[in-house]
Amino acid sequence: MHALHQEILAPSGVEFAAWVKLTVNEGVQSNLVVARSNLLRIFEVREEKFFHVRTHRLHGIVTGLEGVKVLGSLEDGRDRLLVGFKDAKIALLEWSDALHDFTTVSIHTYERAPQCLDIRPTFRSLLRVDPNSRCAALLLPQDALAVLPFHQHEELIHPTQGDQMDVGEGNNRSDIPYFPSCILDLPQSVSSSIHNIIDFVFLPGFHNPTIAVLFNERPTWTGRLEEAKDTCGLIIFSMSNSSSSWGGISSTFTVITNIQNLPYDAYALVPCISGVAGLVILTSNSIVYVDQATKKLMLPVNGWATRVSDIAAVNVSDVAQTRDLALEGSRAAFISETTLLLILARGDAYTVTLAMDGKAVSGLSISDKPMVKTTIPSLAMSVTASSPHAGRDVDAHTIPFLFVGSTQGPSVLLKTNMVESEEDDTDREVDNGNDVRAPAGEDDDMYDDDAEVRQRDEKRRKLKLQLLLADYLPSYGSINDMAFGLTKNGDKPTPILITATSTYQHGGFTLFQRDLPVKVTKKRMHILGGTKGLWSFALQKKVEKGSGTGHHNGTGNSNGGERDTKDVMMIISTDANPSPGFSRVANISNNDITARIQGTSIGAGPFFGGVVVLQVMTGSIRVLETGESLFSSSTVSTPRARIRACSISDPYVLILREDDTMGLFIGEVSKGKLRRKDMSMLGGKVSTSKYLTGCFFTDHTGMLEKNVSSPNPKVDLGQRSSDGLNNQWLLLVRPQGILELWSLPKMALAFSVAIPFATLENVLMDSGEGVASSMPPESMNQAKETDGRDTGAIEQVLLAPLGETRPELHLFVLLRSGQLAIYQAIPAPASPLHSTAVETLHGIEPTSPTIAATPSTPNSRLVHLRIAFVKVLSKTFELQNSNIAGAGNGPGGVGSMGSASGSALADQKKFTRMFLPFVTPNKGTATYSGVFFTGENPSWIISTDRGGVHLYPSGHAVVHAFTACPVLTSRDPRIGGEFLIYSDEGPTLLEWIPDFGLDFPLPMRSVPRGRAYSSVVFDSSTSLVVAAAVLEARFSSFDEDNNRIWTPDASNISDPTTECSALELISPDLWVSMDGYEFATNEVVNAVACVTLETSSTETGSKEFIAVGTTINRGEDLAAKGATYIFEIVEVVADPMLAPNRWYRLRLRCRDDAKGPVTAVCGLNGYLVSSMGQKIFVRAFDSDERLVGVAFMDVGVYVTSLRTIKNLLLVGDAVKSVSFVAFQEDPYKLVLLAKDKRHLCVITADFFFAENEMTIFTHDEEGILRLYDYNPHDPESGDGRHLLMRSEFNSQAEYRTTALIARRTSTDTVIPQAKLLYGATNGSIATITPVEESAAKRLQLLQGQLTRNIQHVAGLNPRALRIVRNDYVSKPLSKGVLDANLLVHFESSSITRQREMTKQIGTEIGVVRRDWMVLDGPW
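A short tour of the structure in this document, coming up. (Residues numbered from 1 in each chain as written. Predicted model: local features only at pLDDT ≥ 70, side-chain atom pairs only at ≥ 80, totals over all residues. Heavy atoms only, no water.)

## Considering the packing of aromatic side chains
So, step 1. What the rule picks out here adds up to 42 aromatic pairs.
So, step 2. Seen in terms of ring centroids, Phe484 and Trp1419 are 5.2 Å apart; in terms of plane orientation they differ by 85°. Their pairing is edge-to-face. Taken as a pair, Phe484 in strand S31 (residues 479-489) and Trp1419 in the segment after helix H15 (1405-1415) lie far apart in primary sequence, 935 residues in all.
So, step 3. With relative accessibility at 22%, the residue Phe484 sits in the partly exposed group.
So, step 4. A residue is classified by how much of its surface remains accessible, and Trp1419, at 18% relative accessible area, is buried. (Phe/Tyr/Trp six-rings, centres within 6.5 Å; stacked < 30°, edge-to-face > 60°. Helix = DSSP H or I, 4+ residues; strand = E, 2+ residues; numbered from the N terminus. Buried < 20%, exposed > 50% of the residue type's maximum accessible area, 1.4 Å probe, protein only.)

## Focus on helix H14 (residues 1391-1400)
So, step 1. Looking only at H14, the buried set comprises Ile1391, Gln1394, Met1397 and Thr1398. Axial view of H14: buried residues confined to an arc of 125°, hence all on one face. Set apart from the buried face of H14 by more than 90 degrees, the exposed residues are Lys1399 and Gln1400.
So, step 2. Of the surrounding elements, those touching the buried residues of H14 are strand S54 (808-815), strand S55 (819-827), helix H11 (1333-1349), helix H13 (1380-1388) and H15. (Arc of directions from axis to C-beta. Contact = heavy atoms within 4.5 Å.)

## Here we look at unusual backbone geometry
Leaving glycine aside, a negative phi is the common case for residues, and trans is the common case for peptide bonds.
So, step 1. A cis geometry characterises the amide bond from Asp650 onward to Pro651, with omega recorded as 15°.
So, step 2. Within the secondary structure, Pro651 sits in the loop between strand S43 (643-649) and strand S44 (652-657).
So, step 3. The phi dihedral of Ser502 is positive, around 65°, even though this residue is not glycine.
So, step 4. Relative to the assigned elements, Ser502 resides in the loop between strand S32 (492-501) and strand S33 (508-512).
So, step 5. The phi dihedral of Asn1252 is positive, around 60°, even though this residue is not glycine.
So, step 6. Here Asn1252 is to be found in the loop between strand S84 (1244-1250) and strand S85 (1253-1259).

## As for the sheet that holds strand S81 (residues 1208-1213)
So, step 1. Strand order in the open sheet made by the 4 strands is S80-S81-S82-S83, with antiparallel pairing throughout. Each of the sheet's edge strands pairs with one partner strand only, and the pair in question is strand S80 (1199-1205) and strand S83 (1228-1235). With strand direction ignored, the average angle separating the axes of adjacent strands in the sheet is 25°.
So, step 2. The pairing of S81 with strand S82 (residues 1218-1225) spans 5 bridges and is classified as antiparallel. Across the sheet, the residue bridging to Leu1208 is Ala1222, located in S82. (Pairing = 2+ DSSP bridges. Axes fitted to C-alpha atoms, helices over the stretch in contact; angles between N-to-C directions.)

## Section: the packing of H11 against H15
So, step 1. Where H11 meets H15, the closest approach of the two axes is 10 Å, and the angle between their N-to-C directions is 105°. One finds that H11 runs roughly perpendicular with respect to H15. Contacts from Ala1335, Arg1338, Leu1339 and Leu1342 in H11 reach Val1407, Val1408, Asp1411 and Leu1415 in H15.
So, step 2. Residue composition of the contact of H11 with H15, grouped by class: 6 nonpolar, no polar and 2 charged. (Parallel < 35°, antiparallel > 145°, perpendicular 65-115°, else oblique. Nonpolar A, V, L, I, M, F, W, Y, C, P; charged D, E, K, R; others polar.)

## Comments concerning the sheet that holds strand S10 (residues 127-129)
So, step 1. The sheet built from 4 strands is open, its strands ordered S10-S11-S12-S13 with antiparallel pairing. What marks the edges here is a single partner per strand, and that holds for S10 and strand S13 (182-185). If you compare each strand with its neighbour and ignore which way they point, the axes differ by 25° on average.
So, step 2. Bridge analysis of strand S11 (residues 135-140) against strand S12 (residues 144-149) gives 6 bridges, and the strand direction is antiparallel. The residue of S12 that forms the bridge with Leu138 is Ala146.

## What to know about the pattern of salt bridges
So, step 1. This structure, assessed with the given rule, holds 50 salt bridges.
So, step 2. Between Glu1131 and Arg1142 there is a salt bridge, and its shortest N-O distance comes to 2.8 Å. Of this pair, Glu1131 sits in strand S74 (residues 1121-1132) while Arg1142 sits in the loop between S74 and strand S75 (1143-1154); the two residues are 11 residues apart in sequence, bridging distant segments of the chain.
So, step 3. On the accessibility criterion, Arg1142 (49% relative accessible area) is partly exposed.
So, step 4. As a salt-bridge pair, Glu1294 and Arg1296 come within 2.2 Å of each other at their nearest N and O atoms.
So, step 5. One continuous salt-bridge network, built from bridges that share partners, spans Lys1103, Glu1128, Arg1149 and Asp1184. (Salt bridge = Lys/Arg side-chain N within 4 Å of Asp/Glu carboxyl O.)

## Brief notes about the state of the cysteines
By definition, a disulfide links the sulfur atoms of two cysteines through a covalent bond.
So, step 1. Taken as a whole and judged by the stated rule, the model has 0 disulfides.
So, step 2. Of the cysteine sulfurs around Cys182, a residue in no disulfide, the closest is that of Cys135, at 9.0 Å.
So, step 3. You can call Cys182 buried: its relative accessible area is 13%. (Disulfide = S-S within 2.5 Å.)

## A few points about the environment of Val14
So, step 1. Positionally, Val14 belongs in the loop between strand S1 (2-9) and strand S2 (16-20).
So, step 2. Its relative accessible area of 1% is what places Val14 among the buried residues.
So, step 3. Sequence separation between Val14 and Arg41 is 27 residues; the distance between their C-alpha atoms is 9.6 Å.
So, step 4. When residues no more than four places from it in sequence are discounted, the contact partners of Val14 are Val34, Ala35, Arg41, Ser378, Leu379, Phe403, Gly405, Ser406, Thr407, Ser411 and Leu473.

Right, dumping it as structure tokens:
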């Protein structure tokens, strides 16, 4: 059996970060690059807010991010990015404006070094960079460093002998910015005492690169502290950066400082900011300062510090002697020369102050109370971003920030602010935690050069630190457990994935849905119709003053005329039946159908300033004006071919006919009529020129106008707004696939993309060519897919804004083959085609001399739009009906095939595929500008500031029409709808739900609970959630006489803490706890399952119960025990004052003590299966009050997973892999069918089946997926005693929980396929989907093409990432599982590249697309 591994949710949170300068766009302060596992994200920082730029799923696990300045940085002002990977690699990346993305400069691999032959899973490959960007170092196993030196600017000024280069001839070292790297064996080259490296950093302020290494020469633990206490050491050594030896790094190293006898629990180094020598060492119980003179100052934070270390502590105040803090998991960063911000594992932030005596540190102090509580930290880094309002040379305008990354919660950007206050000199104390100045003394003249400091008086400055939240990156943390439940979107039940996420105060539930949740507020609106189109808008109806009708809003005649206006909410709908179509005009204000018109409407919208309605029909254009009751109309007939599509943007109207000819009209407000607009500048004969599609666009962002340029600044573009806002543009696509963007009102070609536009290249640039011919050339007859459709035929385009707080322009393109591509518009550098001096046009004064915008020659261009379109999303849709319709639906885009057709029967079979822009209502949360995609598989396209562009299914089989109507809610809040759609369920009014976050590929809603949950199940009989909460309690050990063995003997010494659990019964409607059960303070829940057991209390003889397995900890001297609990959910009388109306309780029916921990439970044919140590037991629930054992079996050492199907049982063990067991009832017996002959760690084991085939999937703690077959007929199985390993796949994530769901490929399938969902500790969710053998072979060949023919980010090898080392086979077993992270690149590739790759493997694009579409999707 073959399977596909796909990450539907990427890892969550931030583990590594780098603050760099990449993009130089207007208003960008800096860039932040963050990484977690294989996910790399790039953000821009604008006005102290994050804005998403790019996201990449790398083919490697990131272990470090650092910014570096190379020689090329002097030319372009940009930093480069160094990325370290788990398998001993360093990649150097640089930003490319042409691609709007990273490009790989080089990749340096050390995996073949002797130190890397066997990298342990627990090894951390640290990456560090010298503050002056002279070199970078990567930590390797066996206490070695891989050093990568960089060229420096001084070398260009004074090149060394024998290494001369002619810079003028282009041999600049910026092309290769680094020297050859080398591997440094620290015990051999620096000091033989360096072993077990804990951390290392580069120190600032030294002439040569200087490294401080923290190591543990003689590892110890708490039980051996009397024999070995201070076992850590610190060595500081420098390296020469001479290029005469070792490629930039000298072979001799100078040891500056060797400090021994540091606390054994030291775990991190924090170098001081340049100006203060030394560095800070973080330990579990203290903060230690050291410098080059071997000075050691220890600041204890609890009573254990002086007991586990012999270092003398600094003098502390009485308050500090009672302080009891734990520094495990804390992070620290300097925010000034003498102020260190320490963030504990729970998010409490303290300030640590270095007391200065001249330039030397004389003491340490910590604040008495936390100044703020922030997120759970994984990193802390202080950064400085230039203010966009400051000049480049003004350093005083820099803004200091502190970025706190988190893997368990949101990562926050904090703005630091030091507020000055004055205090008397007599009140100075070091212990107050805020005094950052040393006492004045005789050395003032020597060290204090500042004139203001020299003239200070008895009063001194006291700096008080303030932290302000600037912005954050959302995250939900690790996934502890998950289960599927049911929720309702209106009256429609919808599956929802309930996950228990994060830990500590960020713990709670995170809910994921496949479709974008919206609330159905009204369904019975069939009177409107709208199978072929819906348009809603507010119309200004003229009202006589003093008539008493309506209300006046002040928008009428400002000169005191006799008429005023009021808004009238109008909806126009159209249907194909009865032939030749039927349209309705509805006045929502009066809840009445105002007019009924024979014929099919193609589009409608407000016109002439919003006082009339412009309605485009298949054979005419109608202007409807409001009267007393009905509309009066005037008609502009079009006697040529019927209209198939249109686009309306007051005062312009674009129509496309069935013969692909185009008509362009402009409205004359003074006459109240339409006239044809001159289109001679478009080229060719107007009556025969062909166009596939087109649309108008009103630029509310001003982005296009800012980037308009011309060699002659006097080019007349017509009357346009001076600020560049609300200017109108026309987008056209010619049959040969040429995209053109014309400025209005005077038609001037400003942007054009030639043939590559039809092939959906990754970047679309202005070709600089003039007006093209509209006649399709013979070259249009290109290769077609097996279904006969042209893969490059463009069906639909739209230019619209997408975004949250600052929407950006995006180009939407749909091909007839089903390919959807979304491009983002970005500023582009000046084109070499017009390299002369250009000026941005902001409108021309009417009196100034102008030049006609019409080009003098067919290929000349007087106006250029300096923008580029970069592809940000690609999606393939299956076109069930080849006759896809694309009716022009309002002011959006227009399609290449219209809603009008030759017959009514053909019209009924067509589905409208349209891009329709919308804006969500402001409900006190974020407001989104998005696009709705109608037709089959309808979708919402939304972009957020921090998440980028995402496409969410709407949950309907088909949507025929869509319109945004927020005026409904403003007029009548009881209606509560913002969007009107006509779907397979008929006309429906939808309400936007603002509670869901849209920063992830799946809509997400967070339910914070303030505590973590280890297990969660959904009880289908009551639709309630049962979860096991993780709490903390003080732990104490007792002897046989029940006396405490040890008690704390000081106020800053406390009892250790241990986890305990509580079971909660939760209502998923309001997420309130109905009931709970608290376990003992030393008892923790291991497993919770909803099982069906035999009982005599029901008519069916069975009932669902909640089974719980626990561990009872009794200290390190006594063996742990366990227990099995059986709970029943019972309904009780609800309190009428509380919600919900029905109330339930947990009733304990049975407790069964065990001699060992109960680590897993499940149900099997009415029996309970539980594990205890090395055994599994099958028990019956006798008389609803006790468990009676009927069978048992010895299976391993520690059972981690139990899964059942019918009478088959799958047992996963932490040491002895997986066992396949059968259960029989006559007599009761467990029979071992087969097991894995290798001893491997198994975290989860699941059944996996499809097409009458069954296989077994296992997953271990290193992230390796294994696929086993049970085949007694295979000779290698040993007569069926051994499971056969068929495939191994390295997922690089530790999955702790799984969910098995049914997958049906067709409605008539009797037995569904299985689909597995995995939840990982890094926050990712992956699926395992069965693949047919024929499709698997094609996709396997395609993987090979993608591996070889695509430039992967950082130059990584996708195949090497997934290979698992197996010494028992001759070659890796890697062909059974496909990698979706690699296959997804095929969908995002251009059609030209797709055609090349499919040709190499002997298939066609359409076949591969269908294979992928069947497999793509979360569930």
